[in-house]
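Coordinates in review
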Amino acid sequence: MTVTKNDKNTRTTGRPTLNEVARLAGVSPITASRALRGVSSVAVELVEKVRQAALELNYVVNPAARALASAQSHSVVVLVPSLSNLLFIDTLEAIHRVLRPKGFEVVIGNYHYSRDEEEDLLRNYMAYQPRGLLLTGFDRTESARRMIEASNIPCVYMMELDPGAGLNCVGFSQLKAGETAAEHLISRGRKRLAYIGAQLDQRTLLRGEGFRRALQKVGLYDPDLEVLTPRPSSVGLGGELFLQLLASHPDVDAIFFGNDDLAHGALLEALRCGIKIPEQVSILGFNDLPASAHMVPRLSSISTPREAVGRHAAEQMLTLMAGNRIAQPVVDLGFELKVREST
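What counts and how
- Residues numbered from 1 in each chain as written.
- Predicted model: local features only at pLDDT ≥ 70, side-chain atom pairs only at ≥ 80, totals over all residues.
- Heavy atoms only, no water.
- Axes fitted to C-alpha atoms, helices over the stretch in contact; angles between N-to-C directions.
- Helix = DSSP H or I, 4+ residues; strand = E, 2+ residues; numbered from the N terminus.
- Parallel < 35°, antiparallel > 145°, perpendicular 65-115°, else oblique.
- Contact = heavy atoms within 4.5 Å.
- Nonpolar A, V, L, I, M, F, W, Y, C, P; charged D, E, K, R; others polar.
- Pairing = 2+ DSSP bridges.
- Buried < 20%, exposed > 50% of the residue type's maximum accessible area, 1.4 Å probe, protein only.
- Lys, Arg positive; Asp, Glu negative; His and termini not counted.
- Salt bridge = Lys/Arg side-chain N within 4 Å of Asp/Glu carboxyl O.
- Phe/Tyr/Trp six-rings, centres within 6.5 Å; stacked < 30°, edge-to-face > 60°.
- Lys NZ or Arg CZ within 6 Å of the ring centre and 35° of its normal.
- Polar contact = N/O pair within 3.5 Å; in protein donor to acceptor, adjacent residues only side chain to side chain.

Describing the packing of helix α2 (residues 29-37) against helix α3 (residues 44-57)
Close contact between α2 and α3 brings their axes to 9 Å; oriented N to C, the two are set at 90°. One finds that α2 runs roughly perpendicular with respect to α3. Side by side, α2 and α3 meet where T31, A32, A35 and L36 of the first sit next to L46, V47, V50, R51 and A54 of the second. Across the contact of α2 with α3, the residue classes tally to 7 nonpolar, 1 polar and 1 charged.

Next comes the structure, spelled out in structure tokens:
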């Protein structure tokens, strides 16, 4: 195919354009764009023609150019605090399954539990005029909050609820989850109950607060049995903190861990040291990761709706991007206590 130099749809850089792809495939530029974005309304045979043409021409989509041409991109930015375990992977997969068939690109940012890093990511991504923002929780810098408000970009918050804030959010009550953990262990006759949390993001602290409140109600709260560390959560750290707690407080008979990887570490150390679970100490985790049901003993945990959070948040985003109001802006998906052998 020959393209003349004065063709207004040809870049002076010599790189292939969307119009060239469309001509080679025998479709309109709009159809070519939709086919490359994965819009489900485009016929399968046309999608294949466009993709073959793009492959033949070595065409690569330029999201910045697309945003400038339309004053909007087709991307939705999703910011999560970690990609180190399955916790947010389930959520991201669900978001992708909802948005990709509608022609939207999911742009993922990992801010490593740093509010400053999240602010930097927001500032960088907003330069590309994303169509929407899917953010984790409500704990961020004041500058980031102002940036979000000033942008007028549709935003949905995940994993936490704030019914009084007038925001679109999908998640569950972290506070109630902590209360449920305490109530379960108390129902097992436990008297010396501890909480171990790491990373200390807002959700970990809220779970601890719920646990504390439930213990205070029945006069069982001991501040010395609350172990909080800003260190990154891991299996190894869970085992380390478990042994330290028992060494300083051997009468502890129940521990609620802020997440499952910490609890996994505790179970492994207990097995290694001959500590009987739950006869000597009951252990309860949080998130119910896939491995939890296969630990020795099987770990009791609070199961969180990670996939459902992603799906509902993405569906809310589609509604907002279409210019419609959300009938139920606050979606409480709840959680489920999974009682197994460790308690």
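More follows now that the structure is in view.
Points about unusual backbone geometry
Note the cis peptide between I277 and P278, where omega equals 10°. Relative to the helices and strands, P278 is located in the loop between α11 (260-273) and β9 (282-287). In the segment running from V296 into P297, the intervening peptide bond is cis, with an omega of -10°. Position of P297 relative to the elements: it lies in the loop between β9 and β10 (300-303). Of note, Q129 is a non-glycine position whose phi angle comes to about 50°, a positive value. Residue position: Q129 is located in the loop between α6 (115-126) and β3 (132-136). The backbone of N152 shows a phi angle near 60°, a positive value even though the residue is not glycine. The topology assignment puts N152 in the loop between α7 (142-151) and β4 (155-159).

Details of the sheet that holds strand β7 (residues 226-229)
The pairing of strands in a sheet comes from backbone hydrogen bonds and takes either a parallel or an antiparallel form. Taking strand neighbours across the sheet as the criterion, the 6 strands line up as β7-β6-β8-β9-β10-β12 in an open arrangement whose pairing is mixed. Strand pairing shows two members of the sheet lacking a second neighbour, β7 and β12 (336-338), which therefore form its edges. The mean inter-strand angle of the sheet, taken between neighbouring strand axes irrespective of direction, is 15°. Looking at chain direction, strand β8 (residues 254-257) and β9 are connected through 3 bridges and run parallel. Residue pairing in the sheet places I255 in a bridge with I283 of β9.

Observations regarding the side chain of E179
Relative to the helices and strands, E179 is located in helix α8 (residues 174-187). Of the side chains with opposite charge, R213 comes closest to the buried, unpaired E179, at an N-O distance of 4.8 Å. Not counting residues within four places of it along the chain, the set of residues in contact with E179 comprises G210, F211, R213 and A214.

Overview of the sheet that holds β4
Overall, parallel pairing links the 6 strands, which are arranged β2-β1-β3-β4-β5-β11 in an open sheet. The sheet terminates laterally at β2 (105-110) and β11 (330-332), the two strands that pair on one side only. The sheet shows a mean angle of 15° between the axes of neighbouring strands, taken without regard to direction.

Observations regarding the packing of aromatic side chains
Applying the stated criterion to the full structure yields 6 aromatic pairs. With a centroid separation of 5.9 Å and an interplanar angle of 35°, the aromatic rings of Y195 and F211 are classed as tilted. Taken as a pair, Y195 in strand β6 (residues 193-198) and F211 in helix α9 (residues 202-217) lie far apart in primary sequence, 16 residues in all. The buried category is assigned to F211, whose relative accessible area is 2%. Measuring from centroid to centroid gives 5.4 Å for Y195 and F256, while their planes differ by 40°, and the two rings are tilted. With Y195 in strand β6 and F256 in strand β8, this pair connects stretches of sequence that are 61 residues apart. Joined through ring pairs, the aromatic side chains of F172, F286 and F335 make up one cluster. Note that R207 overlies the ring of F286, its terminal NZ or CZ placed 4.0 Å from the centroid.

What about the side chain of T229?
Note that T229 resides in strand β7. Under the relative-accessibility criterion, T229 is labelled buried at 10%. A distance of 3.2 Å separates the side chain of T229 from the backbone nitrogen of R231, its partner in a polar contact. Among all residues touching T229, those that are not within four sequence positions of it are G197, A198, Q199, L200, L237 and L241.

Some thoughts on the pattern of salt bridges
One pass over the full model with this rule turns up 21 salt bridges. The shortest N-O distance in the salt bridge between R123 and E119 comes to 3.1 Å. In this pair, R123 and E119 are both assigned in helix α6, 4 residues apart and thus about one turn of the helix distant. Note on R123: relative accessible area 41%, which makes it partly exposed. Looking at E119, the relative accessible area reads 13%, which means it is buried. With its nearest N and O atoms 2.9 Å apart, the salt bridge here joins E209 to R213. Separated by 4 residues within a single helix, E209 and R213 lie in helix α9, roughly one turn from each other. Note on E209: relative accessible area 24%, which makes it partly exposed.

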